[in-house]
Amino acid sequence: MSKKFSLHIIIVLHLLCGYTLLGQHTNEITATLKGANNEIQVKQKFTYVNNSSDGLSILYFNDWTHAYANKNTALAKRFAEEFKRSLHLAKDRERGCTGIMSIVDAEYTGLEWSQNESQDILRIKLNKVLQPGESVRLFFTYNIKLPHGKFTSYGYNPGGGYYLRDWYLTPAVYDKEWKLYNNLDLDDLHTDIVNTTIDFKYPKGLYLATNFDAHGNSGFPGGQYVKLGGSDRKSCEIILSPRDTFTKHVTRSLTVVTDLDSNKYDNISQGISINKIADFLKNNLGSFPHQSLLVSELSYNKSPLYGINQLPSFIRPYEAQFQFEMKFLKTALHSFLKETLYLDSRRERWVVDAISNYLMIKYVEEHYPGQKLAGKLSKIWGFRSFHLAKMDFNEQYALLSMLSARKNIDQALTTPNDSLIKFNQKIANGYKAGLGMAYLAEYLGGKKIDSSILSFYKAHNLDPKVNAIDFRREIERFSDKDINWFFDEYVSTRKKIDYKIKKVEKTEDSITFTIKNKRGTKVPISLFGLQKDSVISHYWFTDIDTSRAFTIPRNGEDRLVLNYDQKIPEFNQRDNWKTLNGFFSSNKKLKFQFFKDTEDPNYNQVFYVPVANFNVYDGITPGLRIYNKTFLERPFQYDFAPTYSFLEKTLVGKAGLRYRKYHGKSGLYVSNYSFSGSTSHFQVNSRFTTLTPAVSFGWRPDNLISNRRQSLLFRYRSVFRNIDDAIADEIDTDPDYAVFNVRFRDVDNNILNYSSWFLDAQHSSEFSKLAFEFEYRKLFQSNRQLNLRFYAGKFLRNKTNSDFFSFALDRPTDYLFDLNYLGRSEDSGIYSQQIIIAEGGFKSQLENPFANDWITTMNASTNIWRWIEAYGDIGYIRNRGENARFVYDSGIRLNLVTDYFELYFPMYSNRGWEIADKDYGERIRFIVTISPRTLIGLFTRKWF
């Protein structure tokens, strides 16, 4: 008997035994990949065993490839929420889909089937009820059209390779009810455990790597064949590439197949590191139950090491060995746990996050205890004084998870994976989970947590019924303290941890102090006694509801510090310490520092950075910005930016104070109280100065993924103008004035359907007015985009005798100095051609463009080809004592980056054919945004 035949017999017997003893589903697939059209022809025999206590007449299968089929799937809608248009604008040949030809049962009777609304879950109606313990055989025949890899990296890529994951039909989980999860590119397919064999044929010239066991690899005319087998598996992952990049590493603990590589770290050293990591996984998790572990570059790219690690390779701050090991460990942990712990990864993802990130933290503590977060950069002159340069590598977990909490967008660890905003889903929640385990390890003792993880994995790997409650029971079993707070407060809520020390009294032999629980989150807090910079005492305190007094022995401490080792993810550490050397010694020192830094709780940090602004009257105005904003947001912020105008030979600039108060997760979630001022020039030798106290409130829905936001602003803007005598006769209003302004705004920012509106009221001694604006953008199925904007304004009273406060068709006077004009007083030249879409929103410069009574306009545009659009504007305007006038214009818009860089070419308007004008170049209008903060928002909006 040949070895190949014996091997096949063993696989079949193993599958049959699994089915007989465990009531396991079995799956037999014959699949042929056609490279010419990137399709897979599939014949699938699936034996479904009803392991539930209910009779089933309907079965559900995951058909995640069909999520790429069109613009209406759940995946396409998720992309739109994240401002990704790739799937919506994709060509048909780039999309993926499943073409089902037939579904029959063992009697070869056709079964009724349909796809759910999101089109990635298959519903199959059985001919008779499947009773508990019974099984049914289903025969599927279908073609898989693979999607382009640019969407999610799965499918085919232009280089001729393939990445197949979650590609064939798999059974959905039934646990008293069906758990039906759409493909949202979250890598959280939840499917039943199956014994699977795949006869796979694929084109010549490709090399195969897989998480399954591969046998009988051979060639035949026109292609290659391999038999893949997986016992107690969920899904088969296949990577096909034109180059043989994968290497097998057989260690004493684990066999690894990987293509992770490092140009600056030789192959022998890589092997030593992989062996070290394999031992670490074995010691901390246990034996891997499958033949080999697949650790791929593609898997790493789906979930990389975020942070400084993502700097370009030529400035990467870490040693090659450390960089490679962290990259390999991260990916290996992800694959190891995904292949063995069959938790509901959409509902209970936090358990795997907690284990993997805790082990990442532990690995660095054991093997790289002195590693700095900034790596080699921490030794560079000029940078080494930064607090960021002094932070340990593991402090990034608290830093990045707290970034979310300080913005009031943090979410409980138990939040379903599909309800997390991208930053939390990719970074913050995973880091918070790992940090929580490190917190527990510090409180209980590291050995207890290590033992509980080992025990949990040993008892529940390959367990189809494992859940988060099992994980809790294991930790509680090894704990000798009450840890309900960890699961009931830290894991299940988004409550913040925040303590401070109050009322310190000392005697010769004791210290009495009060710890205040500022947030009411009842968790343990650590206290350290320091003598200079040395820790001489360490305590844990619990059961602090609001505040509680404690007394400890005095052993020479000169400072008491809460959470000194920063193992606890505390919301605010700036008030964590008290000196025992008198009141004046307790004041923190000021620390002036170039550029923004991470928060250092031991100093009052003041940052400075050079800045430069520009307008045509002041020219380039260099200056110095002084502020206190760290990488983490803080409630009170000040920001002063004095600059020097070389053209006017005087100081200009702006300054502001702001206090931000966050409330709940949704509804009224934030209040802002601010006072700001600015001064600059609006004409040669003519200065304006504004002073503005303001209060604003913000609302958002319960679903944080939603981009809808509402705000209400109250402000009182005082404007003071010093006017050059040479143009004093041209100014026909009082130089100084004040306006009380109220504005309510409602925005739903979505790349497919954008809508916003505001209602604005202004009152001053000279006028009162109301204005309303509505804007709507829609990207249709045909990829045609329609942009609509409506604006209406009405004076309730108007005592003015000029158009300075009037409504404008195309270029408002901006008497509140809100708009970022480069040359706000210009009526000729390039700067006069700048347009900011406000008020009437016209692009042509018409005669008599102002209205001192009322105005209504409509602006519309639609794309002709890609970013080339046709636009048109119509409206009516009326001045006091005159009849209303009808106005219009039209032209071509080059919408290069919406709201950031656009060009308008007027064609026809009330002035006739403008394109025929000999001075047509002066008619062209442009939008340009040069504010770095605004431009950065274009790239960060998908994360928050």
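The preceding data block contains the structure.
Here's a quick rundown of the structure. (Residues numbered from 1 in each chain as written. Predicted model: local features only at pLDDT ≥ 70, side-chain atom pairs only at ≥ 80, totals over all residues. Heavy atoms only, no water.)

## Quick look at the packing of helix H6 (residues 349-367) against helix H9 (residues 422-444)
Relative orientation of the contacting elements H6 and H9 amounts to 65 degrees, with a least axis distance of 7 Å. In terms of axis orientation, H6 runs roughly perpendicular to H9. Remark: the crossing between H6 and H9 carries right-handed chirality. Taking contact as the criterion, the partners of Arg-349, Trp-350, Asp-353, Ala-354, Asn-357, Tyr-358 and Ile-361 in H6 are, on H9, Asn-424, Gln-425, Gly-430, Tyr-431, Ala-433, Gly-434, Leu-435, Met-437, Ala-438 and Ala-441. Residue composition of the contact of H6 with H9, grouped by class: ten nonpolar, five polar and two charged. (Axes fitted to C-alpha atoms, helices over the stretch in contact; angles between N-to-C directions. Helix = DSSP H or I, 4+ residues; strand = E, 2+ residues; numbered from the N terminus. Parallel < 35°, antiparallel > 145°, perpendicular 65-115°, else oblique. Left-handed = near helix turned anticlockwise from the far one by under 90°. Contact = heavy atoms within 4.5 Å. Nonpolar A, V, L, I, M, F, W, Y, C, P; charged D, E, K, R; others polar.)

## Side note on the sheet that holds strand S24 (residues 534-541)
With antiparallel pairing, the four strands of this open sheet are ordered in space as S24-S23-S26-S27. Edge positions in the open sheet fall to S24 and strand S27 (577-579), since each of these has one partner strand only. Direction aside, the axes of adjacent strands within the sheet are offset by 20 degrees on average. Pairing of strand S23 (residues 525-531) with S24, which is carried by seven bridges, proceeds in the antiparallel orientation. Looking across to S24, one finds that Ser-526 is bridged to Trp-540. (Pairing = 2+ DSSP bridges.)

## Quick word on helix H10 (residues 446-460)
Across its 15 residues, H10 extends 21 Å between first and last C-alpha, which sits within 8% of the 21 Å expected from 1.5 Å per residue. Along H10, the residues that are buried comprise Ile-449, Asp-450, Ser-452, Ile-453, Ser-455, Phe-456, Tyr-457 and His-460. Tucked into the core, H10 has its buried residues touching helix H3 (267-284), helix H5 (320-338), H6, H9 and helix H11 (468-478). (Expected span 1.5 Å × (residues − 1). Buried < 20%, exposed > 50% of the residue type's maximum accessible area, 1.4 Å probe, protein only.)

## Focus: the nonpolar core
Ranked by internal contacts, the top residues of the largest apolar core, which has 98 residues, are Leu-285, Ile-355 and Phe-513. Take this core: its biggest share by element is 13 residues, from H9. Apart from residues lying up to four places away in sequence, Phe-513 is in contact with Ile-501, Lys-502, Lys-503, Val-504, Leu-527, Phe-541, Arg-548, Ala-549, Phe-550, Ile-552 and Leu-560. (Core = buried A, V, L, I, M, F, W, Y, C linked by side-chain atoms within 4.5 Å.)

## Structural notes on unusual backbone geometry
Located in the positive-phi region is Ser-153, a residue other than glycine, with phi close to 85 degrees. Tracing the backbone shows Ser-153 in the loop between strand S7 (135-145) and strand S8 (155-156). The backbone of Asp-187 shows a phi angle near 55 degrees, a positive value even though the residue is not glycine. Assignment of secondary structure puts Asp-187 in the loop between strand S12 (178-179) and strand S13 (194-202). Owing to a relative accessible area of 17%, Asp-187 belongs among the buried residues under this scheme.

## Notes on the packing of aromatic side chains
A complete count under the given rule lists 65 aromatic pairs for this structure. A cation sits over an aromatic face here: Lys-84 above Phe-79, 3.9 Å from the ring centre. (Phe/Tyr/Trp six-rings, centres within 6.5 Å; stacked < 30°, edge-to-face > 60°. Lys NZ or Arg CZ within 6 Å of the ring centre and 35° of its normal.)

## Quick word on the pairing of strand S38 (residues 767-779)
Bridge count for strand S37 (residues 753-763) against S38 is eleven bridges, and the pairing is antiparallel. What sits directly across from Ser-756, in S38, is Glu-775. Counting the residues that bridge the hairpin from S37 to S38 gives three residues. Where S38 lies against strand S39 (residues 785-798), 13 bridges are found, and the strand directions are antiparallel.

## Notes on the layout of surface pockets
If you add up the space inside the second largest pocket, you get close to 1100 Å³. Lining the second largest pocket are 37 residues, with Arg-824, Ser-825, Glu-826, Asp-827 and Phe-850 positioned closest to its centre. Grouping the amino acids of the lining of the second largest pocket by side-chain chemistry returns ten nonpolar, 13 polar and 14 charged. (1 Å grid on protein atoms, 1.4 Å probe; cavity = no way out; pocket = protein on both sides within 12 Å on 5 of 7 lines; lining within 4 Å. Points joined across faces, edges and corners; volume = space filled by probe spheres on them.)

## Regarding the sheet that holds strand S6 (residues 121-130)
With respect to topology, four strands assemble into an open sheet ordered S5-S6-S3-S10, the strand pairing being antiparallel. Each having just a single partner strand, strand S5 (112-115) and strand S10 (170-171) make up the two edges of the open sheet. The pairing of S5 with S6 spans four bridges and is antiparallel. Its bridge partner being in S6, Trp-113 is matched across the sheet by Ile-124.

## Quick notes on the pairing of strand S34 (residues 686-700)
Relative to S34, strand S33 (residues 667-683) is paired through 15 bridges, and the arrangement is antiparallel. Within the sheet, the bridge partner assigned to Gly-677 lies in S34 and is Leu-691. Linking two consecutive strands that pair antiparallel, namely S33 and S34, is a turn of two residues; a positive phi of about 60 degrees is found at Asn-685 within it. Note: S34 against strand S35 (residues 708-722), eleven bridges, orientation antiparallel. Bridging from a neighbouring strand, Ala-694 pairs with Arg-715 of S35.

## What to know about the side chain of Ser-671
Within the secondary structure layout, Ser-671 lies in strand S33. Among the polar contacts made by the side chain of Ser-671, one reaches the side chain of His-663 at a distance of 2.7 Å. Sequence-distant contacts of Ser-671, that is, excluding residues within four places in its chain, are made with Tyr-659, Arg-660, Lys-661, His-663, Ser-696 and Phe-697. (Polar contact = N/O pair within 3.5 Å; in protein donor to acceptor, adjacent residues only side chain to side chain.)

## Observations regarding helix H12 (residues 484-491)
The buried count for H12 comes to six of eight residues, which makes it a mostly enclosed element. Lining the buried residues of H12 we find H6, H9 and H11.

## Quick word on the environment of Asn-484
Topologically, Asn-484 is positioned in helix H12. Considered as a pair, Asn-484 and Arg-472 are twelve residues apart in the sequence and their alpha carbons are 9.4 Å apart. Among residues more than four places away in sequence, those in contact with Asn-484 are Arg-472, Glu-476 and Glu-489.

## Some details on empty space enclosed by the protein
Within this structure, the stated rule accounts for seven cavities of 30 Å³ or more. Of the volumes computed, that of the largest cavity is approximately 910 Å³. Looking at the largest cavity, it is lined by 42 residues, and the ones nearest its centre are Arg-165, Asp-187, His-334, Lys-338 and Val-352. Where the lining of the largest cavity is concerned, the elements lending two or more residues are helix H4 (297-302), H5, H6 and H9. Looking at the lining of the largest cavity, its residues break down into 13 nonpolar, 14 polar and 15 charged.

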